[in-house]
Amino acid sequence: MSGEIVEKVVTYVVSNIVDNPEEIEVEVVEDGEDAVLAEVRTAKSDMGRVIGRRGRVAKAIRTVARAAGDEEGLDVQVEFLD
Amino acid sequence: MDEWLEAEGESVEAAVQAALEALGLTSPEQVSVEVLREPKKGFLGLGSQMALVKVTQKPRRRRRRGRSGKGDSKGNSGEGARKPEKVANSERSGKPSGSNGSGRSRSNQKQSKGKGSPDSRGTKPRSSKQREGSQERQTRPTNKPNSKSKRPSQEAAVTENKGRDNEPKASIEEQATVAVEFLEGLVGSFGLDGDVTSRIDDEVLYLDIDGDTEALVGNRGVILHSVLELTRTVIQRKTYGAPRMRIDIAGYAARRREALQIYAGRLAEKVLADGGEVMLEPMNPADRKVVHDAIGEIDGVRSYSEGEDPNRSVVVAPE
């Protein structure tokens, strides 16, 4: 497993959405065979931005993260933490 | 010596109210108002023109109150399509009133945040706004022409307005630039090779990612729609508004449109031959529109939608 693209993509997207890009942290950890978990940490005040109205932004981030995982043959889950 | 300022608002009343708040006044009686520009309606603030008023405080000046607003939780969600109004601040104290009870004035909010006043949502002040120059903004009003003995000239006021203009009022061209930059970075982060272009037509922003970028389309365009959603979010976040947008990636949307038109034509033939109605699989609004438009071109059939998103479907029926 690598998850390098997943990490790049998720970091890029999230940092473009939040107010405090310097406070985000994206960690991609192995989560079973050919699967990774991307843990996204943001400033508390940015959680709303990352989740979006009715979770729309979070859903879009997950979709794009999975697309990134496909590039590496990985299933991707994304968790948002503050 | 009169304290005066100019303020903008969606209506003359709103502008006056914003000015009053900025001056720390409560009643329109305390000021005289000169309407410099009447408001015009536009689409989501695009092409619209805010009312511009010059408000002069009548003699017997009062000290500004502190925060009067109860705070606002909606105005800065970043999702609202509403354009923030600008409030030209009073030159005297350079102190923003921070009163934003109505959520009308984003710059006011920003100022109040910059000053470390409590965020109305109970979270800590959103510090990144600093990047957008809240500090600058705090000091700027103090540099503003002061009404020493004579009233400041119109010219000075205009200059000041310009200074405040740059942030909330992004043109669709600027929004296009933000979108293209974001998408180029996204394509790059995927390690893909693609060209991003934009086109503006009738106030709609068309974005196109071309090249070896099928990976960004997804099953039935699900990734494409997410990319659009994120692009919209980024534009919203950086320019405080978002235009209507369409996106195509690797020619998918164009092919999809064509396929849907052909499919709609076949269904129309079937309905014309057999009678009865045909319900299509659920589609997103953009796809449904393609079908409706295609059916609308064919005599003898009509179409309507049934169900609720995301399971809303087009039904084709005899006319």
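The structure reproduced in this document is the subject of the present report.

Analysis parameters
- Residues numbered from 1 in each chain as written.
- Chains lettered and ligands numbered in written order.
- Predicted model: local features only at pLDDT ≥ 70, side-chain atom pairs only at ≥ 80, totals over all residues.
- Heavy atoms only, no water.
- Core = buried A, V, L, I, M, F, W, Y, C linked by side-chain atoms within 4.5 Å.
- Buried < 20%, exposed > 50% of the residue type's maximum accessible area, 1.4 Å probe, protein only.
- Helix = DSSP H or I, 4+ residues; strand = E, 2+ residues; numbered from the N terminus.
- Expected span 1.5 Å × (residues − 1).
- Phe/Tyr/Trp six-rings, centres within 6.5 Å; stacked < 30°, edge-to-face > 60°.
- Lys NZ or Arg CZ within 6 Å of the ring centre and 35° of its normal.
- Salt bridge = Lys/Arg side-chain N within 4 Å of Asp/Glu carboxyl O.
- Pairing = 2+ DSSP bridges.
- Axes fitted to C-alpha atoms, helices over the stretch in contact; angles between N-to-C directions.
- Contact = heavy atoms within 4.5 Å.

## Here we look at the nonpolar core
For step 1, the next point in the chain: Core analysis: the largest hydrophobic core is formed by 58 residues, its most contacted members being A:Val13, A:Ile61, B:Leu183, B:Leu186, B:Phe190, B:Leu230 and B:Ile249.
For step 2, the next point in the chain: The element best represented in this core is helix α5 (residues 172–189) of chain B, accounting for 9 residues.
For step 3, the next point in the chain: B:Ala264, B:Leu280, B:Val290 and B:Val301 belong to the second-largest nonpolar core, a separate cluster that totals 15 residues.

## Some remarks on helix α1 (residues 4–17) of chain A
For step 1, the next point in the chain: The first and last C-alpha atoms of α1(A) sit 20 Å apart over 14 residues, in line with the 20 Å expected at 1.5 Å per residue.
For step 2, the next point in the chain: Of the residues making up α1(A), those classed as buried are A:Val6, A:Val9, A:Val10, A:Tyr12, A:Val13, A:Val14, A:Asn16 and A:Ile17.

## What about the packing of aromatic side chains?
For step 1, the next point in the chain: What the rule picks out here adds up to 1 aromatic pair over all chains.
For step 2, the next point in the chain: Centre to centre, the rings of A:Tyr12 and B:Phe182 are 5.5 Å apart; their planes meet at 10°, and the pair counts as stacked. Of the two residues, A:Tyr12 sits in helix α1 while B:Phe182 sits in helix α5, which places them in two different chains. With respect to class, A:Tyr12 is no different from B:Phe182; both count as buried.
For step 3, the next point in the chain: Over the ring of B:Tyr206 we find B:Arg199, and its NZ or CZ is 4.3 Å from the ring centre.

## Things to note about the pattern of salt bridges
For step 1, the next point in the chain: Within the structure shown, the criterion is met by 13 salt bridges over all chains.
For step 2, the next point in the chain: A:Arg56 serves as the salt-bridge partner of B:Glu229, at 3.0 Å between the closest nitrogen and oxygen. Of this pair, B:Glu229 sits in helix α6 (residues 222–239) while A:Arg56 sits in helix α3 (residues 56–72), which puts the two residues in different chains.
For step 3, the next point in the chain: On the basis of relative accessible area, A:Arg56 is assigned to the partly exposed category, the value being 39%.
For step 4, the next point in the chain: The closest approach of N and O atoms between B:Glu281 and B:Arg220, which form a salt bridge, is 2.4 Å. Of this pair, B:Glu281 sits in strand β7 (residues 278–282) while B:Arg220 is found in the loop between β5 (204–211) and α6, placing the two residues 61 residues apart along the sequence.

## Examining the sheet that holds β7(B)
Residue and element names in this part refer to chain B.
For step 1, the next point in the chain: The strand order across the open sheet built from 3 strands is β7-β9-β8, with neighbouring strands paired in antiparallel fashion. Whereas interior strands pair on both sides, the edge strands pair on one side only; in this sheet they are β7 and β8 (301–306). Pairwise comparison of adjacent strand axes, ignoring direction, gives a mean angle of 20° for this sheet.
For step 2, the next point in the chain: As defined by bridge partners, β7 adjoins strand β9 (residues 313–318) across 3 bridges and the pair is classed as antiparallel. Each bridged residue has a counterpart across the sheet, and for proline 282 the counterpart in β9 is serine 313.

## Brief notes about the sheet that holds strand β3 (residues 75–81) of chain A
Residues and elements named next belong to chain A.
For step 1, the next point in the chain: Here we have 3 strands laid out as an open sheet, ordered β1-β2-β3, and mixed in their pairing. For this open sheet the edge positions go to β1 (25–30) and β3, each flanked by a neighbour on one side alone. Neighbouring strand axes in the sheet, compared pairwise and without regard to direction, differ in orientation by 20° on average.
For step 2, the next point in the chain: With respect to the sheet, α1 is in contact with β1, β2 (35–41) and β3, its orientation differing from that of β1 by roughly 155°.

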